[in-house]
Amino acid sequence: MARFLVDIPEEDINRLDSIARAEGKSRAAVLREAVAEYLAAESKQGFERYFGLWERYGSTVDGLDYERKLRGEWPDVGAFDPPHKKNDAA
């Protein structure tokens, strides 16, 4: 296990000590648990962190409606006649 030196505001230290006392743990144990929980939560935030992204930034547009509108601009694939291969018999 590694050790490190970190500056933490006094009010956070007081809260940390209160939590440690209430849980019957050392300050270091509470910090280790907090770091472990933070890292676990951070690793789960793959693509999930992007769900609701538009709404978080004030957009009222429904993402699926927007996608359908964009796809509606695409030409109908059935309207194209696929190229025909020539069978060259040698």
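Please refer to the structure higher up on the page.
Residues numbered from 1 in each chain as written. Predicted model: local features only at pLDDT ≥ 70, side-chain atom pairs only at ≥ 80, totals over all residues. Heavy atoms only, no water.

## A short note on the overall build of the protein chain
Per the secondary structure count, the protein chain includes 4 helices and 0 strands. The burial tally for the protein chain puts 7% of its 90 residues in the buried class. Per element, the accessible surface of the protein chain, about 8900 Å² overall, is 56% carbon and sulfur. (Helix = DSSP H or I, 4+ residues; strand = E, 2+ residues; numbered from the N terminus. Buried < 20%, exposed > 50% of the residue type's maximum accessible area, 1.4 Å probe, protein only. Areas by Shrake-Rupley, 256 points an atom, 1.4 Å probe, with all protein chains shown as cover.)

## Thoughts on the layout of surface pockets
What the largest pocket holds in volume is close to 460 Å³. Lining the largest pocket are 14 residues, and of these Ala-2, Arg-3, Phe-4, Ala-28 and Leu-31 sit closest to its centre. With 6 residues, the single largest contributor to the lining of the largest pocket is helix H2 (residues 27-43). Considered class by class, the residues forming the lining of the largest pocket number 11 nonpolar, no polar and 3 charged. (1 Å grid on protein atoms, 1.4 Å probe; cavity = no way out; pocket = protein on both sides within 12 Å on 5 of 7 lines; lining within 4 Å. Points joined across faces, edges and corners; volume = space filled by probe spheres on them. Nonpolar A, V, L, I, M, F, W, Y, C, P; charged D, E, K, R; others polar.)

## Quick word on the pattern of salt bridges
Applying the stated criterion across every chain yields a total of 4 salt bridges. One salt bridge connects Arg-27 with Asp-17, and the closest N-O pair in it is separated by 2.8 Å. Of the two residues, Arg-27 sits in helix H2 while Asp-17 sits in helix H1 (residues 10-23), which places them 10 residues apart along the sequence. The exposure class of Arg-27 is partly exposed, given its relative accessible area of 37%. For Lys-25, the salt bridge is made with Glu-23, and the minimal N-O distance between the two is 3.2 Å. For Glu-23, a relative accessible area of 45% corresponds to the partly exposed category. In this structure, a network of salt bridges that share partners links the residues Glu-23, Lys-25 and Glu-33. (Salt bridge = Lys/Arg side-chain N within 4 Å of Asp/Glu carboxyl O.)

## What to know about the packing of H1 against H2
For the pair H1 and H2, the least separation of the axes is 9 Å and the interaxial angle reads 100°. Our classification of the angle between H1 and H2 gives roughly perpendicular. Along its contact with H1, which presents Ile-13, Leu-16, Asp-17, Ile-19, Ala-20 and Glu-23, the element H2 presents Arg-27, Val-30, Leu-31 and Glu-33. Residues belonging to the contact of H1 with H2 are distributed by class as follows: 6 nonpolar, no polar and 4 charged. (Axes fitted to C-alpha atoms, helices over the stretch in contact; angles between N-to-C directions. Parallel < 35°, antiparallel > 145°, perpendicular 65-115°, else oblique. Contact = heavy atoms within 4.5 Å.)

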